Structure formats: C-alpha cells, structure tokens
Amino acid sequence: MKKMICMMIVIVALLATAVPVALAADIGTSVTISTSGANIPVVKCKWEQDTTVGADLESGDVTHALYDTGANSVDSQFLPPLAKCATKTIYYYAVVTDAEDMGNVQQVWVDVFHPEGSPAPYSTSTDPLGPLFKYEIPFTKIGFDQASRDIVTDAFNAHLITFDPTFDLDEVIFEMTKGTAALWMGQAEIDYEQPAGDYKVECVAMDWDDNYSAPLVNYFEYVGVAAVEVDFDSINYGPVSIGVEVMRAGDTDFADPAPQPAGFGAANGATVRNIGNTWAHVVVTNDDMDFSKDVTGTWNVNFDARMGNDDAYKVIYMPEEETTLPNYLALSSQDELDFSIKVIKGTGTHTGMMTIGASIEPFSLSGTPVGIGGPECP
C-alpha cells in the first residue's frame, strides 16, 4: 500500500509538470490617429547651423559665399571635425505656426537622410523612411521673443534660411512679434566618419488636433575633406647597401600612444587611418635626404611606398615628387604603410623629411576601398 501511494505521488508530480506550451502566433495590430479641425500647422522656414561663433554660424562657408538665391534652395556648409571618434553638433531650427491654436503646435521634428550615393552602411537602412534614413530629431520650443527673432534674423543675414515659398523674413518676424509663430530647435551629433555630401532635412509639425503640416525640405552640405593621421613621427630606413632596395614594413595596429618612431629597430610599424569624411588616398612626398643629383640631373636616391601588402599598389617615386598611392582607405578604416629606399650613390648617414597628406576618392558603387576597422569609439 505504501508503494502504491508513492507511485501515485510520482505520477501526479509528473502530470503536474506536463503543462502544454502554446505555439507562438503572429497577431496583427492597427491604430488610427484621429484628426480634426480645418487648419493644419505650417513650417514657415527652417535652417541648420553649427557651433561656429559670431555671425558665421557655419564652419564650411564662413564668408557665406556659397548659397543659392532661389526661393527654396539655400544650404549650410559644415566641416568635419577631422579627429578619430570626434563629433560635430548641428542645430536644426524652424519657425512654425498653427492658425487654430494661435501659433501653438504640439510637436515639431526633422527626419535627416544621408546623401545620395553614400556607401554602405549609410545607404542600407531598413527604416520605412528608406535606405538613406539617418535619424529623427525632436524639437523644443524656443519662443517668439526678441532673442528668438534675433536668431532668425542672424540666420537670414548668413544666407542659411529656406522659406516656404509663400513666406519671407518680414512676414515671419511679424508673426513672431504677434506671438502667432514660434521658433523651435533640435540638435544632434554628426560623426567624423559620416559620408560627405548633401544631407536632406525634412521638417514636419503636428498640431493639437493631430494634424500634420506639409514637410518643408532643405539640404545641408557636410563638406568633403580627405584627412589621414599616422602613428609615427619618423621612419628609420636603417643600414642599406648601394643599389639595393630596402623596405621597412608597417603594420595595422595604430600605436597607443602615438606618434612613435617606426622602421628599422622600432617596435612600431607605420600605420595610417582615415579621419575624414571621404574615401582617402595617401599622398606622400620625400626630400632628397641630401643625396642630391649627379651631373646628368639624375637623383642619387629613390623611394617607393605602398598601403597594404599587395605589390600591385606599390609606387616608385623620386625626391620632391608628390605621389598619390593608388588604393584608398574606406571611411574610419586603417592600414599599414610600407616604405622603401634605394640609394644609387652616397656615403655616411643622411637625414631628411617625409610629408604625408590625403586626397579624395569619390564614393561609387563600383569602388573597392581598403583597410580594416580600428578600435570602436566610446
């Protein structure tokens, strides 16, 4: 009898754990935003500016020479910060009104899109707004007082403002003076590595009856600047024999701290990384290290360089000859630099200077940049 009771308890315990698991199911959902009222809000004008002080308001065109006097095509130009992991703050402004609510609206925001032709991953967003969608920025109401009106006037004088074609500065300032239109502002960061080009900015307002304004669209230019930095401050070619090419290999590890000596006898290998907002070629120039020329005008030394480890991209060049390496770095990527020297005639120890710069490679669907990703930004 005791055994039977024990068995029954075990069976009950097993049955108690055998709870059926429901299969997952996809359940559709829907919602409809109610709208009412005869009027919709209006975005009267909009623009962007950065942290450039004074009357400049835009780092890429401080003299305000680059603008179109057309009714709806005035842009701002901003320079990238040109530093690994750095960001630039951009301020987005709009003047908005709603006739039913004495100029007051519930929400204002902008949707920002990467430039046409941007490389992946900047052109592969899965957002419903499209593959170039970058982010949405909510606005905060600034007001319509004199200080707010001065902000609008300063931006107008800097040729930054895009107006709805039915409005102009006088009308906007008049409405703000009456308190029936107000200035709104949002801000967001743009990374050093974001692709250069024209960023589409679409501004929309929503009133207290959930009516949406027509979008007002403009563009700002993230000015393309090719820039690289290196982790070395000297290259020691070391001992060489006359007529024999000697290469000093780099590596793909960016020295920390940088810069450090590279080349013969150095623990650090030469590394270059892209800190601009374009694909970037490395441009290199060497002086003659006091080897000079012979009587025929031929240099007594020559050099070569390559980025990466493929000799297909190796370039031989003479002193004082600005040379662009044929392959190019992807955005926010880094690679090794290998340098060679071949002495034709000379004795003793020689020193000289090397200059490294960068040039732009335009984005293209067929382009194949090189390099590996460096350390992640914090």
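Residues numbered from 1 in each chain as written. Predicted model: local features only at pLDDT ≥ 70, side-chain atom pairs only at ≥ 80, totals over all residues. Heavy atoms only, no water.

Enquirer: Quick question: what am I supposed to make of the pattern of salt bridges here?
Expert: Oppositely charged side chains may form a pair once their charged atoms are brought near each other. Evaluated as defined, the whole model comprises 9 salt bridges. Glu245 is the salt-bridge partner of Lys314, the closest N and O atoms lying 2.8 Å from each other. With Lys314 in the loop between strand S17 (301–307) and strand S18 (315–317) and Glu245 in the loop between strand S12 (232–236) and strand S13 (246–248), the pair connects residues that are 69 residues apart, well separated along the chain. Looking at Glu245, the relative accessible area reads 36%, which means it is partly exposed. Note that Lys314 is salt-bridged to Asp304, the shortest N-O span being 3.5 Å. Of this pair, Lys314 sits in the loop between S17 and S18 while Asp304 sits in strand S17, and the two are 10 residues apart along the sequence. A relative accessible area of 3% means that Asp304 is categorised as buried. One network of salt bridges, in which partners are shared, links Glu245, Asp304 and Lys314. (Salt bridge = Lys/Arg side-chain N within 4 Å of Asp/Glu carboxyl O. Helix = DSSP H or I, 4+ residues; strand = E, 2+ residues; numbered from the N terminus. Buried < 20%, exposed > 50% of the residue type's maximum accessible area, 1.4 Å probe, protein only.)

Enquirer: Quick question: what am I supposed to make of the sheet that holds strand S9 (residues 197–206) here?
Expert: In sheet architecture, strand pairing relies on hydrogen bonds along the backbone and comes in two forms, parallel and antiparallel. In spatial order, the strands read S2-S10-S9-S4-S5; together these 5 strands make up an open sheet with mixed pairing. A strand with exactly one partner marks an edge of an open sheet, and here the two such strands are strand S2 (76–78) and strand S5 (133–138). Averaged over all neighbouring strand pairs, the angle between strand axes comes to 25°, with direction disregarded. Strand direction decides the pairing type here: S2 and strand S10 (residues 216–222), joined by 3 bridges, are parallel. Bridge pairing links Phe78 to Tyr222 in S10. (Pairing = 2+ DSSP bridges. Axes fitted to C-alpha atoms, helices over the stretch in contact; angles between N-to-C directions.)

Enquirer: Could you clarify how one ought to interpret the state of the cysteines in this entry?
Expert: In a disulfide, the sulfur atoms of two cysteines are covalently bonded to one another. By the definition in use, this model includes 1 disulfide. Paired through a disulfide, Cys85 and Cys377 show a sulfur-sulfur distance of 2.0 Å. Residues Cys85 and Cys377 share a disulfide whose torsion about the S-S bond is about -90°; that sign makes it left-handed. Here Cys85, found in the loop between S2 and strand S3 (87–97), pairs with Cys377, found in the segment after strand S22 (372–373); they are 292 residues apart in sequence, far enough to count as distant. The exposure class of Cys85 is partly exposed, given its relative accessible area of 28%. Distance from the sulfur of Cys45, which forms no disulfide, to the nearest cysteine sulfur (Cys203) is 9.5 Å. Of the residues examined, Cys45 reaches a relative accessible area of 0% and is grouped as buried. (Disulfide = S-S within 2.5 Å.)

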